[in-house]
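As a plain string of letters, each chain reads:
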Amino acid sequence: MAKKKIALIGGGQIGGNLALLAAQKELGNVVIFDIPKAEGMVKGKALDLMQLRPHDGHDVTITGSSNYSDISGADVIIITAGIPRKPGMDREDLLGINLGIMKDVATNVKEYAPNAFVIVISNPLDAMVYAFYKVSGFDKNKIVGMAGALDSGRFRAFIAMETGYSVQDVTCMVLGGHGDTMVPITRLATVGGVPVTDLISPERLKKIEDRTRAAGGEIVKLFGNGSAFYAPAQSAIEMAESYLRDKKRVIPCASLCEGEFGVDGYFIGVPSVIGSGGVEKVLEFTLRDDEQSELNKTLDAVKKTVGETGL
Ligand code: TXD
């Protein structure tokens with residue numbers, strides 16, 4: 001069977017790690033695309049990764065380019081094009097610059113890879129995935145935003161750090177916008193099926209929820225320049241793999257809701273089934289009143305930023 005093709009639009013901190021992870025999982029041949037001034041960087045990363053292959057034994061090709069024609073026919077597109085936050089910035093502060101970039105990216109992806117499954121990572125995430133949808137005209141099931149996988153992973157990591165139990169056995173979900181108003185659904189979090197509310201005090205759980213919401217900013221502050229990239233890259237690769245291998249994983253993703261959870265016409269973090277059809281289904285479930293009001297609050301934040309796109 002012919003190898004799949006994964007095109008990474010943006011070959012920076014996350015993009016470079018996406019290329020490494022995609023190659024190591026042999027998801028397909030990888031093209032790292034970036035703007036001309038970064039062409040040397042992506043060609044260098046691609047060459048370095050080609051030289052890593054003998055150690056890993058993964059027979060895929062990795063190339064770097066600043067020519068959009070090189071993404072032609074990609075099966076999966078993962079977009080990190082844009083600038084990351086600096087300390088003191090909210091994700092929403094990136095809108096002005098990253099919206100212009102996303103419009104350009106969407107136009108080119110529509111031209112060169114019209115049948116791809118598109119995973120948007122760039123911030124402000126919920127507005128950027130919406131912008132891609134509006135500009136590209138792609139079907140809603142072929143576009144998804146990566147945020148909930150990362151935020152839920154952070155929540156899981158903090159629960160495992162608190163309890164000392166294996167991260168493998170911690171399950172939970174974080175819904176809503178990728179921002180300070182995101183909604184950890186703590187009542188459904190378990191360690192090996194045991195509710196976390198039976199393992200961790202309410203006070204500690206509140207601190208873990210707050211740390212999850214602020215986790216991106218915590219790393220931005222530590223770095224001083226740039227934001228997280230290892231966990232975001234792995235989170236997006238899980239989504240790409242579920243699409244390419246039709247795994248039907250249920251992952252919190254920014255998917256277009258058309259009535260689910262009382263949301264209509266916005267991309268927001270919800271449990272999403274990812275398979276060969278792309279976002280095949282949003283798994284809706286009954287929220288408690290307090291959870292629904294938190295979701296409504298995060299939806300208001302998403303609506304505000306989406307409104308500023310003018311799309
Ligand atoms: O969970 C999430 N969705 C977030 C997303 C998690 C972490 C980071 N988040 C956002 O991803 C972050 O706020 C940024 O908006 C993006 C990318 O973060 P990254 O850390 O990878 O930023 P870099 O290292 O600056 O890489 C961005 C690359 C860089 O190489 C630029 O040259 C390139 O984007 N770029 C472009 N590529 C293609 N086309 C255009 N127009 C373009 N402009 C810049």
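A brief report on the enclosed structure follows.

It is worth spelling out the overall build of the chain at this point. Across its full length, the chain holds nine helices and 14 strands. Expected size for 311 residues packed as a compact globule is a radius of gyration near 19 Å; at 19 Å, the chain falls within 12% of this value. Each of the three principal axes of the chain carries a C-alpha extent, and together these read 50 × 45 × 40 Å. Nonlocal contacts in the chain, meaning residues at least 24 apart in sequence, comprise 69% of its contacts between residues at least 6 apart. Summing over all exposed atoms, the chain offers an accessible surface of approximately 13,600 Å²; the carbon and sulfur share of this is 51%. Distance from the positive charge centre (34 side chains) to the negative charge centre (38 side chains) of the chain: 2 Å.

Next up on the list: the site of the ligand. Near the ligand, the surroundings consist of 29 residues, among which Q13, D34, I83, I121 and M146 are the closest. Note that a nitrogen atom of the ligand is positioned 2.9 Å from one of the backbone N or O atoms of I121. N123 has a polar side-chain atom sitting 3.2 Å from an oxygen atom of the ligand. Across the complex, the protein chains shield 89% of the 870 Å² of accessible surface that the ligand would expose by itself. Sorting the residues of the shell around the ligand by element identifies α1 (13–24) and α3 (95–112) as the ones contributing at least two each. The biggest single contributor to the shell around the ligand is α3, with three residues. Broken down by class, the residue content of the shell around the ligand amounts to 17 nonpolar, ten polar and two charged. Of the residues that make up the shell around the ligand, three or more belong to each of domain 1 (5–145) and domain 2 (148–309).

Let's shift gears to helix α6 (residues 202–213). Over its twelve residues, α6 extends 17 Å from the first C-alpha to the last, a length consistent with the 16 Å expected when each residue adds 1.5 Å. Residues of α6 that are buried sit in contact with α5 (148–163), β8 (174–175), β9 (183–184), α7 (215–223) and α9 (289–309).

Ranked by internal contacts, the top residues of the largest apolar core, which has 49 residues, are I9, I71, I77, I79, V109 and F132. In terms of residue count, the dominant contributor to this core is helix α4 (residues 125–136) (seven residues). No fewer than three residues from each of domain 1 (5–145) and domain 2 (148–309) sit in this core. Setting aside residues up to four positions removed in sequence, I79 forms contacts with I9, M102, V105, V118, I119, V120, I121, S122 and F132. By size, the runner-up hydrophobic cluster in this structure holds 37 residues, among which are L18, L27, A149 and I251.

Inspection of the secondary structure puts R53 in helix α2 (residues 39–56). On a C-alpha basis, the gap between R53 and A23 in space is 8.2 Å, while along the polypeptide they are 30 residues apart. Setting aside its immediate chain neighbours within four residues, R53 contacts H58, D59, V60 and I62.

With that settled, the discussion passes to the sheet that holds strand β11 (residues 194–195). A sheet is described by the order of its strands in space; here three strands give the open sequence β7-β10-β11, paired in antiparallel fashion. Two strands close off the open sheet at either side, each with one partner strand: β7 (170–171) and β11. Pairing between strand β10 (residues 190–191) and β11: two bridges, direction antiparallel. Bridge pairing in β11 links T190 to P195.

In this section: the packing of aromatic side chains. Across all of its chains, the model carries nine aromatic pairs by this definition. On the basis of an interplanar angle of 80° and a centroid distance of 5.4 Å, the ring pair of F132 and F138 is categorised as edge-to-face. As far as the burial class goes, F132 and F138 line up, both buried. An angle of 80° between the planes, with centres 5.5 Å apart, marks the rings of F261 and F285 as edge-to-face.

A separate point is unusual backbone geometry. With an omega of -5°, the peptide bond between N123 and P124 qualifies as cis. Residue position: P124 is located in the loop between β5 (117–120) and α4. Its identity is not glycine, yet E26 carries a phi of approximately 50°, on the positive side. The class of E26 is partly exposed, set by a relative accessible area of 36%.

Definitions and cut-offs
- Residues numbered from 1 in each chain as written.
- Predicted model: local features only at pLDDT ≥ 70, side-chain atom pairs only at ≥ 80, totals over all residues.
- Heavy atoms only, no water.
- Helix = DSSP H or I, 4+ residues; strand = E, 2+ residues; numbered from the N terminus.
- Rg over C-alpha atoms; globule rule 2.2 N^0.38 Å.
- Contact = heavy atoms within 4.5 Å.
- Areas by Shrake-Rupley, 256 points an atom, 1.4 Å probe, with all protein chains shown as cover.
- Lys, Arg positive; Asp, Glu negative; His and termini not counted.
- Charge placed at Lys NZ, Arg CZ, Asp CG, Glu CD.
- Near = heavy atom within 4 Å.
- Polar contact = N/O pair within 3.5 Å; in protein donor to acceptor, adjacent residues only side chain to side chain.
- Nonpolar A, V, L, I, M, F, W, Y, C, P; charged D, E, K, R; others polar.
- Domains from an automatic or database assignment.
- Expected span 1.5 Å × (residues − 1).
- Core = buried A, V, L, I, M, F, W, Y, C linked by side-chain atoms within 4.5 Å.
- Buried < 20%, exposed > 50% of the residue type's maximum accessible area, 1.4 Å probe, protein only.
- Pairing = 2+ DSSP bridges.
- Phe/Tyr/Trp six-rings, centres within 6.5 Å; stacked < 30°, edge-to-face > 60°.

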